[in-house]
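Each chain is listed here by its residues.
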Amino acid sequence: MVVTQENVAVNGSRRLSPQEIADVLRERIRGGELRAGDRLPTQAELADEFGVERGAVRQALRALQDDGLLTNVSKGSPPRIAEPPAPGHDEPQPTMVGLSPRLTAAFSAPHVRIDAACLTAESLIPALGEPLRLIHGGSLRPERIDVRILLPSRDIDLAFPVPVEGRGDDDPVHERWLAMRNAQGHVLRHNLQTLRSHGIDVRITFRALPFTPPVKLYLLNGSEALMAYYMVTRREEPTDTGTLDMYDVLGTESLLFSFEKAAGQRDAAFVEESQKWFDALWETITTDLTLS
């Protein structure tokens, strides 16, 4: 093992911080000393090695899990080194394809935090199917899940979807969108609240945006940001009262771009600024949203 400044500090008077412990372990993983599938030493063994309390070790391990380097960080058996991302992970994929595995990975954390700003919950509902199935089956068991959703207010004139001929006194396109927003929001809330039967603390909150989001944004555990552009297209949709000719977006087919804190300074800055943007909207110009 290469002797680093952090290792020297272990034998001196200064105790390592959780971040420094995480950095040492991160270098062991990236240097190949610890390989995918290997178990880490126990928390007690790591605490002895680094000369710190177990609490500092736990914080370091959770930081590595948030970076996607560890799996199964819990109070039980030692965690394992995570498998590297599958080939093509960095390649953008349609939202319907790319979102589900990222949510499944996020739900392996003890405290799951999902923030989303979107037009409806159309992509979120199917993407959450796999992590919810794993939780109901006992393969995943987070302790707490916090979900915050920003959706456009019912009272604004949406930029899209809109009728091609413009809005009249009645706007069936807007009413169609509103019905979808509310119905999907109810389904999303119900699906997540069923996890309470497993003793998981689940909180889901909606707030209303005063504008139409030009992109969809998902923030996962503060460590990853996923973004896709809403591509506007003209399309027709048959209804019971006629055909709706409108400018709409096909959200599930939008390419999803991933930015991870662990990928480098540029990605880390994007994740942090995206989180600040979301938090600022949540705390300032958005309003309570009632799904009705």
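Per chain, residue numbering runs from 1 following the sequence as it is written. Side-chain atom pairs in this predicted model are given and counted only at pLDDT of 80 or more, local residue features only at pLDDT of at least 70, and totals for whole chains, interfaces and linings cover all residues. Only hydrogens and water are set aside when side-chain values are computed; all heavy atoms of the structure are taken into account.

A. Up close: the pairing of strand β8 (residues 215–220). Each residue is placed in one exposure class: buried if its accessible area under a 1.4 Å probe, protein chains only, is under 20% of its type's maximum, exposed if it is over 50%, and partly exposed if it falls in between. Each helix is a run of H or I in the DSSP string that is no shorter than four residues. Each strand is a run of E no shorter than two, and both are numbered from the N terminus. Across the 6 residues of β8, 6 count as buried, placing the element largely inside the fold. A two-sided burial pattern is seen for β8, the buried positions comprising V215, L217 and L219 on one face and K216, Y218 and L220 on the other. When DSSP finds at least two bridges between two strands, those strands are taken to pair. Two strands pair when backbone bridges link them, and strand β4 (residues 111–117) and β8 are joined in this way by 4 bridges, in the antiparallel orientation. By the bridge assignment, A117 is partnered in β8 with L217. Strand direction decides the pairing type here: β8 and strand β9 (residues 224–229), joined by 6 bridges, are antiparallel.

B. Focus on the sheet that holds strand β11 (residues 242–249). Sheet architecture is open: 3 strands sit in the order β6-β11-β10, paired in antiparallel fashion. The open sheet has two edge strands, β6 (162–163) and β10 (232–239), and neither has a second partner. Where β6 meets β11, 2 bridges bridge the pair, whose relative direction is antiparallel. By the bridge assignment, V162 is partnered in β11 with Y247. In what follows, a contact means two residues having at least one pair of non-hydrogen atoms within 4.5 Å. For helices, the axis comes from a line fit to the C-alpha atoms of the stretch in contact; other axes are also lines fit to C-alpha atoms, and the angle between any two N-to-C directions lies between 0 and 180 degrees. Contacts from helix α8 (residues 172–193) reach β6, β10 and β11 within the one sheet, and its direction differs from that of β11 by about 65°.

C. Region of the structure containing the confidence of the model for the protein chain. Values of pLDDT, ranging from 0 to 100, describe the predictor's confidence in every residue of the model. When pLDDT is averaged along the protein chain, the result is 88, and 91% of the positions lie at 70 or above. Segment residues 1–13: pLDDT under 50, and 16 contacts once partners within four positions in sequence are set aside and those in other chains are kept.

D. Layout of the side chain of T95. Here T95 lies in helix α5 (residues 95–106). Beyond its immediate chain neighbours, meaning those up to four positions away, T95 contacts S123, K216, Y218, A228, G251, T252, S254 and L256.

E. Local environment of the packing of helix α2 (residues 18–30) against helix α3 (residues 43–50). Packing of α2 against α3 brings their axes to within 12 Å, and their N-to-C directions diverge by 105°. In this view, α2 runs roughly perpendicular relative to α3, as classed from their interaxial angle. Across the interface between the two elements, I21, V24, L25 and R28 of α2 pack against L46, E49 and F50 of α3. Here the nonpolar group is Ala, Val, Leu, Ile, Met, Phe, Trp, Tyr, Cys and Pro; Asp, Glu, Lys and Arg are the charged ones; every other residue, Gly included, is treated as polar. Split by residue class, the contact of α2 with α3 holds 5 nonpolar, no polar and 2 charged. In this scheme, roughly parallel covers angles under 35 degrees and roughly antiparallel covers those over 145, while 65 to 115 is roughly perpendicular and the rest are oblique.

F. The arrangement of helix α7 (residues 129–136) in detail. All buried positions along α7 are accounted for by P131, L132, L134 and I135. End-on view of α7: buried residues confined to an arc of 160°, all on one side of the axis. The first or second residue beyond α7 is G138, which carries a positive phi of 90°. This arc is built from the directions going out from the helix axis to the C-beta atoms.

G. How the structure looks around the packing of aromatic side chains. Note on aromatic pairs: the rings of Phe, Tyr and Trp (six-membered ring only in Trp) are paired at centre separations within 6.5 Å, and the planes decide the class, stacked below 30 degrees, edge-to-face beyond 60, tilted for the rest. Within the structure shown, the criterion is met by 3 aromatic pairs. Between F160 and Y230, the ring centres sit 5.9 Å apart and the planes meet at 55°, which makes this aromatic pair tilted. Taken together, the residues F160 in the loop between β5 (144–152) and β6 and Y230 in the loop between β9 and β10 connect sequence positions 70 residues apart. Relative accessible area serves as the criterion here: at 9%, F160 is assigned to the buried category.

H. Up close: the nonpolar core. Counting residues in each nonpolar core, the largest one holds 43 residues, and the members touching the most others are I145, L188 and L192. Look past the residues within four positions of L188 in its chain and what remains in contact with it is A121, L124, I125, L128, I149, I204 and F206. Throughout this description, the term nonpolar core refers to a set of buried Ala, Val, Leu, Ile, Met, Phe, Trp, Tyr and Cys residues connected via side-chain atoms within 4.5 Å. Counting 21 residues, the second largest nonpolar core, distinct from the first, contains V24, L40, L69 and I81.

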